Amino acid sequence: MFDRLVHLQPNIDRLVPLIRGAQRILVTMHCRPDGDAAGSAVAMGHILRALGKDVTVFNVDEIPETFAFLPGAELIVRELQDYDYDLLIVLDCAEPSLLGRKFPHDKLSCPRVFIDHHSVPYSDCVVNLHDSQASAVGEILFHLCRALDVELTKEIAAALYTSIITDTGSFRYTSTSADSMRVCSYLIATEIDVWDIASHIYENVPAEKMRLLGLVLQTLWISRDGRLACLHANRQMLRKCHCSGAMTDGFINYARSIHGVEVSIFLTQLEEDLYRLSFRSRGHIDVSQIASRFGGGGHKNAAACTLRGSVESIRSQVEEICNREIFIS
Ligand SMILES: [Mn+2]
């Protein structure tokens, strides 16, 4: 009944005994967690606690306020008391650097498991539960939850649903599949309140963020051929609106939503001449190719990297790569 289960099953079969055999389990996900990272981490925490495990869910960054409503989100910690675990489970992380500069890679020596849906699978791990066609890590965790015989509670369902609706853009992106919908039908059958979840995520914008959006939209730059659009937020704007860099989440979609735009870029200033670049595309264009040229990663329609330089110089570097390698098809 689930098309993707054939693909996932061998690694699920490897992972189930590993989880059963471990007692102290550390769960983590990419830094600056989005809905999939936060939702899948919260769900994984519940699933492992249901099995009687000692679970620590850890992220170097704070969980955005938007996802704080999920029961279990309050258990996510930003500091580790010790580094003695039987298993480390990494969720929704395209490459190790996305765990954040402060992630204690060197101090953790336990076996690692990766559960992910980005395009490049890991090799440095004991199990890589990977499906690049899964809409979200939450979709993969639904199957893992069943394989572990853990009851699909409302708490788990709400977290998985959050992960899927955010990573599919509320079922708009091409990653939305019959399988994602089948999984969601099981989640909704637990009687989670879908409107309550959607309004927490989409209709709960802090006034500061809306004011920041006003400033950011004024930075709109569009290339001459209209295929590339860029927005940015510098530290001055963030200060003026009392916002953190994480508050710019989602702004990139305004650039992509413009008629004719195929690739959008969002620049967030980290230091004087250091920016975090996010890329989004629509249709066939693979922005992970652009990000990887600058040492970053991601998947076809969403990728990221960091780069030194001014807004103008970064924009023209990206424009050059797009014209030379990306827009030729
Ligand atoms: Mn994801």
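Residues numbered from 1 in each chain as written. Predicted model: local features only at pLDDT ≥ 70, side-chain atom pairs only at ≥ 80, totals over all residues. Heavy atoms only, no water.

Draft legend 1. How the structure looks around the overall build of the protein. For the protein, the count of helices and strands is 11 helices and 12 strands. The C-alpha radius of gyration of the protein comes to 20 Å, within 12% of the 20 Å expected for a compact globule of 329 residues. Considering only C-alpha atoms, the protein reaches an extent of 55 × 40 × 40 Å along its principal axes. Buried positions account for 53% of the 329 residues belonging to the protein. (Helix = DSSP H or I, 4+ residues; strand = E, 2+ residues; numbered from the N terminus. Rg over C-alpha atoms; globule rule 2.2 N^0.38 Å. Buried < 20%, exposed > 50% of the residue type's maximum accessible area, 1.4 Å probe, protein only.)

Draft legend 2. Seen up close, the sheet that holds strand β8 (residues 228–233). What the six strands build is an open sheet, ordered β7-β8-β9-β10-β12-β11; its pairing is mixed. At either end of the open sheet lies a strand with only one pairing partner, and these are β7 (221–222) and β11 (297–299). Here β8 pairs with strand β9 (residues 263–271) via six bridges, running parallel. Directly across from His232, in β9, lies its bridge partner Leu267. (Pairing = 2+ DSSP bridges.)

Draft legend 3. Layout of the sheet that holds strand β5 (residues 112–116). The six strands are arranged β3-β2-β1-β4-β5-β6 in an open sheet whose pairing can be described as parallel. The open sheet terminates on both sides in strands that have one partner only, identified here as β3 (76–77) and β6 (127–130). Sitting on the sheet, helix α1 (residues 5–21) is in contact with β1 (24–29), β4 (87–91), β5 and β6, with an inclination near 135° to β6. Together, β4, β5 and β6 form the strand contacts of helix α3 (residues 137–147), whose direction differs from that of β5 by roughly 120°. (Contact = heavy atoms within 4.5 Å. Axes fitted to C-alpha atoms, helices over the stretch in contact; angles between N-to-C directions.)

Draft legend 4. Spatial organisation of the coordination of the manganese ion. With distances of 2.1 to 2.3 Å, the protein atoms coordinating the manganese ion are Asp36 (OD), Asp92 (OD), His117 (NE2) and Asp167 (OD). The sequence motif formed by the donor residues of the manganese ion is D-x55-D-x24-H-x49-D. Here Asp36 is found in helix α2 (residues 35–50), whereas its partner Asp167 is found in helix α4 (residues 154–167), with 131 residues between them in sequence. Taking the relative accessible area as the measure of exposure, Asp36 reaches 0% and is therefore buried. (Donors = N, O, S within 2.8 Å, 3.2 Å for Na, K, Ca; no water.)

Draft legend 5. Geometry of the packing of α1 against α3. With their axes 10 Å apart at the nearest point, α1 and α3 run at an angle of 55° to one another. Viewed along their axes, α1 and α3 adopt a mutual orientation that is oblique. Between α1 and α3 lies a crossing of right-handed hand. Together, Leu5, Leu8, Ile12, Leu15, Val16, Ile19 and Arg20 of α1 and Ile140, His143, Leu144 and Ala147 of α3 make up the contact between the two elements. (Parallel < 35°, antiparallel > 145°, perpendicular 65-115°, else oblique. Left-handed = near helix turned anticlockwise from the far one by under 90°.)

Draft legend 6. Representation of the domain arrangement of the protein. Once the domains are mapped, the protein shows domain 1 (5–202) and domain 2 (207–326). The distance between the C-alpha centroids of domain 1 and domain 2 comes to 27 Å. With nine residues of domain 1 in contact, the opposing surface of domain 2 contributes 11 residues. Across the domain 1 to domain 2 interface the summed buried area is about 830 Å²; carbon plus sulfur atoms make up 42%. One can count one salt bridge joining domain 1 with domain 2. The partner of Asp249 in a salt bridge is Arg32, with the nearest N and O atoms 3.7 Å apart. The interface formed by domain 1 and domain 2 holds two residue pairs in polar contact (both at pLDDT 80 or more) in total. (Domains from an automatic or database assignment. Buried area = accessible area lost by both parts, 1.4 Å probe. Salt bridge = Lys/Arg side-chain N within 4 Å of Asp/Glu carboxyl O. Polar contact = N/O pair within 3.5 Å; in protein donor to acceptor, adjacent residues only side chain to side chain.)

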